[in-house]
Amino acid sequence: NRMSVSGKLAIGDFDIGLTSFSSGAIQMDGQNPAAGLPAAGLAGSSVVPSADVKVYTQALMVRYKLNDNFSLIGGARQVNLKASSVKTLLATYNVDATKKTGALYGLAYERPDIALRLEVLRSESLSMPLTGGATVASGTLVVPEATTVNFQTGIAKDTLLMASAHKVSWGTGQITVLGAGGAPNIGSAFSDTTSYSLGLGRKLSEATSASLTYSWEKGAGATSTSPFTMSNGSQTLSAGVSHKIGAMTISAGLSYTKAGDVTVNASGLSATYTGNNVKAFGVKIGYSF
C-alpha cells in the first residue's frame, strides 16, 4: 500500500506546492522456503533474493506565471532511503538509512479557452553513498535523471484528451554494494525505460467526472541476468471517477496491470515469471479553502 499527502498555495503569481509520497520499493522473498520458488523451494537455493528496500520522496515546487500562457517551474526533491536489507544466496546485506536532495525544473504552456496544457519536467540525478553493517564496506545508490511530458487538450464539449511520457535513465542509475567480511559485491543491471499513457476525461455533470487511461512500458527483454528483475514491461488499464461535494473532492480509481513474462538466469540458477498481473484500488480526498 502507498500513501501520499500534497498541498498547494497561491501567492500572487506564484503557486507553491509540497508533496510527500512513497516513490519506490523492492520487496521480495526468494530466500524464504515458504515462497514456493524454484530449486525445490529450499532456503538459500533460489536465484531470487529476499529484500526489503523502501524509498520515500518529499518535494517542494514553485510555479511562476510569466503571462496567461507560459509558466516556469522549479523546486527541490529529497529522496530518503530507509534502513534496508537484502539477502542473497551468498550473504545478507544491511544498508543504513540515507538521503539526498536535488533540483527539478520545467516549463508549462496553457490555453484555458481549449483546456490545453503542455508541461515538461526534469529532475536531476542523485548519487547517494551507502554504508552498512558487517557485510557492507561501501556502495552507491544512484537515483537517475528523469524527464516527464504531460499534455491535455479539449477535443469536444466536456471531453479531454490526456497523454504523458516519462523517461528515466536507469542505465546510469545503478545500485552498487561493495561487500565486506568476505561477502561478494552485488549490483543492479537496470536499463533505460520510457513509459507512456493515453486517456480520455469526461465531465458527466457539474459535480462528477470520469476518466479511462491506457498505459504501457516496454521491457528490457524476455531474459535477464539481474535477480531483481520481475517483469518484461507492462500494460495497464485504469478507470477513475471524481465527485465534488462543496469544497471537498473525492476521487477513486481501479487499475489492472499485465506484466510481461521474463526469465532470470544468474549464478547457475533461473527463475521464470509468467502470467502475472496486478490489480489496484486507490482513493484520493481533496479539500479547497
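On a predicted model such as this, the values are computed, not experimentally measured, just so you know. (Residues numbered from 1 in each chain as written. Predicted model: local features only at pLDDT ≥ 70, side-chain atom pairs only at ≥ 80, totals over all residues. Heavy atoms only, no water.)

Description of the overall build of the chain
Phase 1 of the analysis: When helices and strands are tallied, the chain shows 0 helices and 22 strands.
Phase 2 of the analysis: If you line up the chain on its principal axes, its C-alpha atoms span 65 × 35 × 30 Å.
Phase 3 of the analysis: Counting all 289 residues of the chain, 30% fall into the buried class.
Phase 4 of the analysis: Here the contacts in the chain between residues at least 6 apart in sequence split such that 55% fall between residues at least 24 apart. (Helix = DSSP H or I, 4+ residues; strand = E, 2+ residues; numbered from the N terminus. Buried < 20%, exposed > 50% of the residue type's maximum accessible area, 1.4 Å probe, protein only. Contact = heavy atoms within 4.5 Å.)

Details of the sheet that holds strand 14 (residues 186-187)
Phase 1 of the analysis: Taken in spatial order, the 4 strands make up an open sheet running 9-10-13-14, and their pairing is antiparallel. Whereas interior strands pair on both sides, the edge strands pair on one side only; in this sheet they are strand 9 (126-130) and strand 14.
Phase 2 of the analysis: Pairing geometry for strand 9 and strand 10 (residues 136-143), over 5 bridges, is antiparallel. Residue Ser127 lies in a different strand from strand 10, and its bridge partner there is Val142. (Pairing = 2+ DSSP bridges.)

Some points on the packing of aromatic side chains
What describes a pair of aromatic rings is the distance from one ring centre to the other and the angle between the planes of the rings.
Phase 1 of the analysis: Evaluation of the coordinates by the stated rule reveals 6 aromatic pairs.
Phase 2 of the analysis: Measuring from centroid to centroid gives 5.5 Å for Tyr196 and Trp216, while their planes differ by 25 degrees, and the two rings are stacked. Remark: Trp216 occurs in strand 16 (residues 208-218) and Tyr196 occurs in strand 15 (residues 193-203); sequence separation between them is 20 residues.
Phase 3 of the analysis: Given a relative accessible area of 37%, Tyr196 falls into the partly exposed group. (Phe/Tyr/Trp six-rings, centres within 6.5 Å; stacked < 30°, edge-to-face > 60°.)

As for the pairing of strand 2 (residues 14-29)
Phase 1 of the analysis: Examined bridge by bridge, strand 1 (residues 4-11) and strand 2 share 8 bridges and lie antiparallel to one another. Within the sheet, the bridge partner assigned to Ala10 lies in strand 2 and is Asp15.
Phase 2 of the analysis: Connecting strand 1 to the antiparallel partner strand 2 that follows it, the hairpin turn spans 2 residues, and Gly12 within it adopts a positive phi of roughly 60 degrees.
Phase 3 of the analysis: As paired strands, strand 2 and strand 3 (residues 50-65) are joined by 15 bridges and run antiparallel to one another. Residue pairing for strand 3: Phe14 is matched across the bridge by Tyr64.

A word on the pattern of salt bridges
Phase 1 of the analysis: Inspection of every chain in the model, using the stated rule, returns 7 salt bridges.
Phase 2 of the analysis: Residue Glu110 pairs with Arg117 through a salt bridge whose shortest N-O separation is 3.1 Å.
Phase 3 of the analysis: Its relative accessible area of 18% is what places Glu110 among the buried residues.
Phase 4 of the analysis: As a salt-bridge pair, Arg117 and Glu119 come within 2.7 Å of each other at their nearest N and O atoms.
Phase 5 of the analysis: Look at the salt bridges and you will find they share partners, linking Asp15, Arg63, Glu110, Arg117 and Glu119 into a network. (Salt bridge = Lys/Arg side-chain N within 4 Å of Asp/Glu carboxyl O.)

As for the layout of surface pockets
Phase 1 of the analysis: There is about 300 Å³ of room inside the second largest pocket.
Phase 2 of the analysis: In the lining of the second largest pocket, the residues fall into 11 nonpolar, 8 polar and no charged. (1 Å grid on protein atoms, 1.4 Å probe; cavity = no way out; pocket = protein on both sides within 12 Å on 5 of 7 lines; lining within 4 Å. Points joined across faces, edges and corners; volume = space filled by probe spheres on them. Nonpolar A, V, L, I, M, F, W, Y, C, P; charged D, E, K, R; others polar.)

Topic: the pairing of strand 15
Phase 1 of the analysis: Pairing of strand 12 (residues 159-168) with strand 15 involves 10 bridges; the strand directions are antiparallel. When the bridges of strand 15 are listed, Thr159 appears paired with Arg202.
Phase 2 of the analysis: Relative to strand 16, strand 15 runs antiparallel, the two being bridged by 9 bridges. Bridge pairing links Arg202 to Ala210 in strand 16.

Comments concerning the environment of Thr140
Phase 1 of the analysis: Relative to the elements of secondary structure, Thr140 occurs in strand 10.
Phase 2 of the analysis: Once the C-alpha coordinates of Thr140 and Ile175 are considered, the two residues, 35 residues apart in sequence, prove to be 5.8 Å apart.

Overview of the sheet that holds strand 20 (residues 262-266)
Phase 1 of the analysis: If you trace the 3 strands from one edge of the open sheet to the other, you get 17-20-21, paired in mixed fashion. Looking along the sheet, the strands with just one partner apiece sit at the ends: strand 17 (223-224) and strand 21 (269-273).
Phase 2 of the analysis: Direction of pairing for strand 20 relative to strand 21: antiparallel, over a ladder of 5 bridges. For Asn265, the partnering residue across the bridge sits in strand 21 and is Ser270.

Focus: unusual backbone geometry
Phase 1 of the analysis: Of note in this structure, Ala115 is not a glycine but carries a positive phi near 55 degrees.
Phase 2 of the analysis: Within the element layout of this structure, Ala115 appears in the loop between strand 7 (98-111) and strand 8 (116-123).

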